[in-house]
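Given next are the chains, with one letter for each unit.
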Amino acid sequence: MKTILSNWKSRTRALAVAAAAALVSCTSLSHAEPDYDIIGKQFSLVLQNGHFSRARFSQEMYQQFLDCYLQTLDTQHLFLTQEDVEYLRARYASSFGDYLLANQTTRLAEELYAYFSFRALPRIDQAEKLLQAYAKQMPTFDSERTTPRSRRKLPRAKDAAELDQVWRDQVEDMILTEVLRRENLEKLAKEKGKPSPTAKEMSVTDKMLARVKRMRNEIQEADREDMVSYLLNAVAHVYDPHSDYMGAREEQRFKDMIRASIVGIGAKLQSDDDGSTTIEGIVKGGPAAKCGQLQLGDHIVAVDSHGDENWTDVMFLSIDKVVDLIRGQKGVPVKLRVQSANSGEEKVVTIVRDEIPMSEELASGRIVDMKDGERTYRIGVLTLPSFYIDLDDGDVHCAADVKKILRRMIQEKVQGIVLDLRFNGGGSLDEVRKMVGFFTGAGPVVQVKNSRSLVERLTVSGRPLFNGELVVLINKLSASASEIFAGAMADYGRAVIVGDEASFGKGTVQVPRSLADYLPYFTSREGCGMIKVTTQKFYRVGGASTQLKGVASDIVLPTVTAGLRIGEGEQDYAMPYDEIPRAGGYVKSSRIARILPELLARSNARVAQDKDMQYTREDIARSKERYEKNTVSLNKNVREAENAQLMERKKTIDAERKVRYEQMAAQDAEQLTIYRLKLTDVRAPQLPLASKDDENEYMDENKDPEEELTETPDYPSNLDPVLREALYIAKDMVNLP
């Protein structure tokens with residue numbers, strides 16, 4: 001009887017998969033669609049032959065492919081039970097890779113996604129029914145139950161009944177969180193004598209229903225490109241977390257990101273709870289600003305991408321899909337159907353697309369004159385969000401931009417530089433190679449080992465541009481090329497590394513390759529995407545890898561990222577750490593090691609007296625405690641008490657900061673003069689003074705009414721506490737022999 005029941009379950013599931021897959025196939029066909037079966041096979045061959053590990057597909061890897069796929073689609077374990085996983089393993093785990101190699105990628109992608117949808121959509125239905133019931137009678141929120149903050153590393157529910165309870169807890173947590181948010185805002189508004197910020201919001205349950213509807217749409221809107229991307233990315237990520245397949249849309253996003261410019265309308269978009277897409281920001285001087293018909297807060301409800309009256313309804317569409325519809329070819333108009341934020345009236349707005357430089361993502365600088373008694377120290381701040389480069393035209397290079405800013409800093413006679421690489425996730429290996437030479441001169445920069453264990457030492461020639469003091473700021477999100485730069489500066493003894501205990505820990509090199517180059521001769525190459533494959537590991541000139549361990553800071557500061565569980569070590573299938581012999585041809589300066597104890601003592605003394613650093617330490621401890629505990633109460637009284645404690649702490653801190661920041665601002669006015677040095681300023685006869693408006697120079701943005709209620713004072717002079725301490729460290733370096 002047990003066997004018969006098991007077979008019956010399998011047949012039922014298989015029929016559901018087949019039916020859903022057939023529906024997907026019928027609705028996803030496109031005349032211009034790439035041949036994903038051939039793409040899947042060539043992707044598999046390129047991955048096996050081109051990846052650093054040169055690992056061949058195996059039965060063990062097939063199960064990992066499937067597990068990685070399921071984890072990608074169901075990261076929080078909300079849709080699939082352990083029974084589902086075991087069923088899918090029995091059906092696909094032994095043959096996963098065979099589908100790809102046998103030109104059946106599309107079939108596998110559609111079958112797996114259909115099963116996921118078959119299980120996920122009823123869960124959305126369950127959430128909707130619960131919310132509709134709660135619209136009539138809200139939960140009492142008086143139980144002692146708790147629910148996990150994150151289910152990512154927890155076991156899946158063993159069966160449907162257990163998952164039912166998971167969703168009941170999830171829905172109650174959604175409602176309770178929103179109820180408490182509104183109560184907190186109402187309380188703040190009342191205390192400050194301001195109008196209610198939630199009066200115009202839809203009801204709590206309607207808002208949650210809208211979120212659930214968006215969740216449903218995101219599952220249902222997946223097309224064949226999405227399904228194949230989920231599948232091939234799961235295969236790539238088993239090799240390592242940074243190898244990827246990028247379909248045509250994702251390939252374009254990648255190119256836009258790495259070259260720091262896009263073709264579009266120049267607007268920042270955000271998904272709204274009512275299902276529309278809201279205009280949250282408008283780039284100054286961009287196409288939307290020049291058009292003059294779009295206003296902050298307007299809602300986009302439909303898009304005509306080609307100006308041919310073929311409208312796409314974007315209500316509840318994912319933000320990525322909306323952006324893809326609006327972006328396009330330079331000089332080609334796009335039409336938007338927009339509801340006015342002020343009148344609610346609907347209008348059609350036509351905007352001609354243009355290239356939008358992402359100025360916030362480009363290198364920029366400041367020069368800070370720090371007066372100390374009779375002496376003034378001049379320190380430069382050079383901020384680099386990424387090591388960007390234009391892969392198509394080659395006109396954009398971050399090293400060239402950095403050189404322009406650096407030369408102007410030298411012209412302005414700066415004595416030291418703080419190079420800010422916080423949140424810099426990397427980019428071009430060649431660009432970072434050039435940049436290292438700006439500070440070290442000729443010599444090896446980084447060592448690169450390929451899959452055959454052959455090591456190449458990448459070098460740079462010429463003299464250094466800047467010989468003054470150097471501080472490199474990093475955090476846990478400084479990765480890849482940032483770590484090459486920071487590691488080289490540390491190995492040469494050229495700079496003091498300051499920030500989190502260590503950087504991200506990504507010590508691998510990826511090469512983007514167009515899959516069109518690998519397709520059979522008569523196969524269409526349009527829209528086939530690219531593979532970004534890990535081909536090498538890089539090592540510091542001292543021989544250590546940055547993989548997993550990252551680059552350690554010489555001076556560790558309490559930072560906002562210190563309490564976060566992020567980094568290569570948190571990634572599934574991360575490659576191991578190893579070392580190789582040190583590179584010849586470089587000499588390490590002993591000066592940093594000699595002065596570091598004194599720098600550390602002075603920094604520790606300042607940090608001990610810095611109130612903001614102490615608040616951050618408390619936040620780090622609280623963040624770590626929350627992570628370890630990983631539970632949130634579903635009891636309203638408990639949550640209210642927790643919120644009240646947090647709000648009281650925030651009020652106390654804000655009151656203290658308001659007084660202290662006013663004093664700091666007065667001191668800064670006497671002791672600091674800050675000049676702006678953006679790329680547009682490098683040839684200016686005289687550098688302009690920096691101002692608070694510089695942050696808003698690129699884009700006009702919607703004001704957040706919730707932020708306005710909190711009245712958190714701004715840190716003086718646009719120098720965050722970590723950057724300010726880095727300036728003091730650079731100043732100390734100037735003083736020490």
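In what follows, the structure referred to is the one given above.
Residues numbered from 1 in each chain as written. Predicted model: local features only at pLDDT ≥ 70, side-chain atom pairs only at ≥ 80, totals over all residues. Heavy atoms only, no water.

**Observations regarding the overall build of the protein chain**
Here is step 1: Helix and strand counts for the protein chain stand at 20 helices and 23 strands.
Here is step 2: Computed over its C-alpha atoms, the radius of gyration of the protein chain comes to 28 Å, within 12% of the 27 Å expected for a compact globule of 737 residues.
Here is step 3: Taken over the C-alpha atoms alone, the protein chain extends approximately 90 × 70 × 55 Å along its principal axes.
Here is step 4: Evaluated residue by residue, the protein chain yields a buried proportion of 51% over its 737 residues.
Here is step 5: Counting only contacts in the protein chain whose residues sit at least 6 apart along the sequence, the fraction spanning at least 24 positions is 77%.
Here is step 6: Summed over all atoms, the accessible surface of the protein chain reaches about 34,300 Å², with 51% contributed by carbon and sulfur.
Here is step 7: Between the centroid of the 102 positive side chains of the protein chain and the centroid of its 112 negative side chains there is a distance of 4 Å. (Helix = DSSP H or I, 4+ residues; strand = E, 2+ residues; numbered from the N terminus. Rg over C-alpha atoms; globule rule 2.2 N^0.38 Å. Buried < 20%, exposed > 50% of the residue type's maximum accessible area, 1.4 Å probe, protein only. Contact = heavy atoms within 4.5 Å. Areas by Shrake-Rupley, 256 points an atom, 1.4 Å probe, with all protein chains shown as cover. Lys, Arg positive; Asp, Glu negative; His and termini not counted. Charge placed at Lys NZ, Arg CZ, Asp CG, Glu CD.)

**Considerations on the environment of S143**
Here is step 1: The residue S143 is located in the loop between α6 (105-136) and β1 (146-148) in this model.
Here is step 2: Separated by 551 residues in sequence, S143 and D694 place their C-alpha atoms 50 Å apart.
Here is step 3: Reaching out from S143, the side chain makes a polar contact with the backbone nitrogen of R145 at a distance of 3.3 Å. (Polar contact = N/O pair within 3.5 Å; in protein donor to acceptor, adjacent residues only side chain to side chain.)

**Digging into the nonpolar core**
Here is step 1: In terms of nonpolar packing, the biggest core is built from 71 residues, with F43, F65, F96, L112 and I175 touching the most fellow members.
Here is step 2: Residue contributions to this core peak at 13 residues, all from α6.
Here is step 3: When neighbours within four sequence positions are excluded, I175 is seen to be in contact with L131, Y134, M138, F141, V204 and M208.
Here is step 4: L382, V445, A481 and A490 belong to the second-largest nonpolar core, a separate cluster that totals 47 residues. (Core = buried A, V, L, I, M, F, W, Y, C linked by side-chain atoms within 4.5 Å.)

**Quick notes on the packing of aromatic side chains**
When we look at a pair of aromatic rings, we describe it by the centre distance and by the angle of the planes.
Here is step 1: All told, the structure shown has 16 aromatic pairs when counted by the stated rule.
Here is step 2: Each ring, one from F439 and one from F466, has its centre 6.4 Å from the other, and the planes form 80 degrees; the classification is edge-to-face. Residue F439 is located in helix α14 (residues 429-440), and its partner F466 is located in the loop between β15 (455-460) and β16 (469-474); the two are separated by 27 residues in the primary sequence. Like F466, F439 is buried.
Here is step 3: One aromatic cluster is present, formed by F79, Y113, F116, W167 and Y230 through successive ring pairs.
Here is step 4: Over the aromatic face of Y577 sits the side chain of K549, whose NZ or CZ is 4.1 Å from the ring centroid. (Phe/Tyr/Trp six-rings, centres within 6.5 Å; stacked < 30°, edge-to-face > 60°. Lys NZ or Arg CZ within 6 Å of the ring centre and 35° of its normal.)

**Considering helix α20 (residues 721-735)**
Here is step 1: Given a rise of 1.5 Å per residue, 15 residues ought to cover 21 Å, and the 21 Å separating the end C-alpha atoms of α20 matches this to within 8%.
Here is step 2: Counted residue by residue, α20 has twelve buried out of 15 residues, so it is predominantly covered.
Here is step 3: For α20, the complete set of buried residues consists of V722, L723, R724, E725, A726, L727, I729, A730, K731, D732, M733 and V734.
Here is step 4: Of the residues flanking the start of α20, the one acting as N-cap is D720, its side-chain oxygen 3.1 Å from the backbone nitrogen of V722. (Expected span 1.5 Å × (residues − 1).)

**Thoughts on the pattern of salt bridges**
Here is step 1: As enumerated under the stated definition, the model contains 69 salt bridges in all.
Here is step 2: Between E701 and K268 there is a salt bridge, with the nearest N and O atoms lying 2.8 Å from each other. Of the two residues, E701 is situated in strand β23 (residues 699-701) and K268 in strand β4 (residues 267-271); the sequence distance between them amounts to 433 residues.
Here is step 3: Bridged by salt links that share partners, the residues E221, D223, E225, D226, R249, E250, R253, K321 and D324 form one connected network. (Salt bridge = Lys/Arg side-chain N within 4 Å of Asp/Glu carboxyl O.)

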